[in-house]
Structures are given as structure tokens and as C-alpha cells.
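Given next are the chains, with one letter for each unit.
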Amino acid sequence: MAGRQPTTVLDFWFGELAPSQWFRKDPELDAEIARRFRDTLAAARRGELWAWRCTAHGRLAEVLVLDQFSRHIHRDTGEAFAADPLALVLAQEAVARGVDAELAVRERAFLYMPYMHSESLVIHDAALRLFDQPGLEDNLRVEQRHREILSRFGRYPHRNAVLGRSSTPEELAFLEGPGSSF
């Protein structure tokens, strides 16, 4: 099945895409990722890609599928965040084993991304330490912004609607301002 090798995922993300595409909302790119990797995401969510975890790059590929591809494939739905806990656990295991040291700096940023996506301040304390290294200064600034929002609200208000959560008046006011969504 297409997309069932870690190299397929990594070559697509780091080779075919430009960094400017990674976080941009682009319906055509979302459709392309869905076409090529929807089945891979489903397999990852079922735990079927466990063999990928034997290498640093395989682990990174699985985290990318669960964390980033999920957001593209299921954009603007609660399903975009459904694989976050699994992605975080895989990233935490990798960090605990020192696997992140085997990755290039830009790859490490994506291994750490599930920490940034968590709605736990405890996890964000770890994220601040992880992103505080040479080459990840921009990621550290973004992490600091994420943590500020989480510290203020206890969650990411921009997720409320798609997750069926009611927003407080303070969250609604925040969502009307610039930089309120990621």
C-alpha cells in the first residue's frame, strides 16, 4: 500500500513539500495528503506501524503521520486532534530513549511538535526545554505563545467549536483577535 514505508512519509514531508507548506491551510494540499496517506494514518492509529519505531526516522515518520498528517486530512474537524495522545506518547518515548539526538534539527522540531499540541501545562514545561536548543529558536517562540494561551485558558480556544466545547466570553473575545488560531 502506498505510503506504508517511513521513507515515503519523510520524502514527502521534507522533500516534496516546501517548509512554507507545512503549516499553511491549503485545501489542495490537504486533499493530496488525504489521497496519499489516509490509509497510513488509519494504520498508525490502530498501532499497525509499530515496526517503524525501531529506527529514529521510522519513529519520526509515525509521529508525523499522527500529528501533522492528521491535521491536514481532518482539517476543521475534531478528528484532526484525535491522534494527539498517541503521537505524544511516541514522541515522549523517543525523547526518553535519546532517539531525538539521532535526528537533524528540523526533524527534531517535528518529533517535539506533539508536546506543543498538548493541552497540558506539564507537557509544555517539557516542550520549553526541548525547543530551547540551537536551530529551534523560531519553534521555541511559537511554543512560548502556545504555552501562554494554554496558561491563560487551560485549553486552546480555537479548538472549542470543532471539539464541541463551549467557549467562555473571554475565549470568544480572544478568538476575535489576531494570532488567536494556529
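Residues numbered from 1 in each chain as written. Predicted model: local features only at pLDDT ≥ 70, side-chain atom pairs only at ≥ 80, totals over all residues. Heavy atoms only, no water.

## Here we look at helix α7 (residues 137–153)
Then, number 1: Across its 17 residues, α7 extends 25 Å between first and last C-alpha, which sits within 8% of the 24 Å expected from 1.5 Å per residue.
Then, number 2: Turning to α7, its buried residues are Asn139, Leu140, Glu143, His146, Ile149, Leu150 and Phe153.
Then, number 3: A positive backbone phi angle near 80° is found at glycine 154, which sits one or two residues after α7. (Helix = DSSP H or I, 4+ residues; strand = E, 2+ residues; numbered from the N terminus. Expected span 1.5 Å × (residues − 1). Buried < 20%, exposed > 50% of the residue type's maximum accessible area, 1.4 Å probe, protein only.)

## Things to note about helix α2 (residues 27–45)
Then, number 1: Taking 1.5 Å as the rise per residue, α2 with 19 residues should run 27 Å; its terminal C-alpha atoms sit only 23 Å apart, a clear shortfall.
Then, number 2: The largest bend along α2 measures about 65° and falls at phenylalanine 37.
Then, number 3: The complete set of buried residues in α2 reads Leu29, Asp30, Ile33, Ala34, Phe37, Thr40, Leu41, Ala43 and Ala44.
Then, number 4: Looking at the buried residues of α2, the elements they touch are α1 (6–16), α3 (56–73) and α4 (84–96).
Then, number 5: Where α2 begins, the side chain of aspartate 26 points an oxygen toward the backbone nitrogen of glutamate 28, at a separation of 3.0 Å. (Bend = angle between axes of the 7 residues up to and from the residue. Contact = heavy atoms within 4.5 Å. Polar contact = N/O pair within 3.5 Å; in protein donor to acceptor, adjacent residues only side chain to side chain.)

## Focus on the nonpolar core
Then, number 1: Counting 47 residues, the largest nonpolar core has Trp13 and Phe69 as the members making the most contacts within it.
Then, number 2: Of all the secondary-structure elements, those providing two or more residues to this core are α1, α2, α3, α4, α5 (105–117) and α6 (121–131).
Then, number 3: Ranked by residues supplied to this core, first place goes to α3 with nine residues.
Then, number 4: Counting residues in hydrophobic clusters, the runner-up holds five residues, among them Ile149, Leu150, Phe153 and Phe174. (Core = buried A, V, L, I, M, F, W, Y, C linked by side-chain atoms within 4.5 Å.)

## With respect to unusual backbone geometry
Then, number 1: The phi dihedral of aspartate 76 falls on the positive side, at around 65°, and the residue is not glycine.
Then, number 2: As for its position among the elements, aspartate 76 is in the loop between α3 and α4.

Any link to function would need more than the numbers given here.
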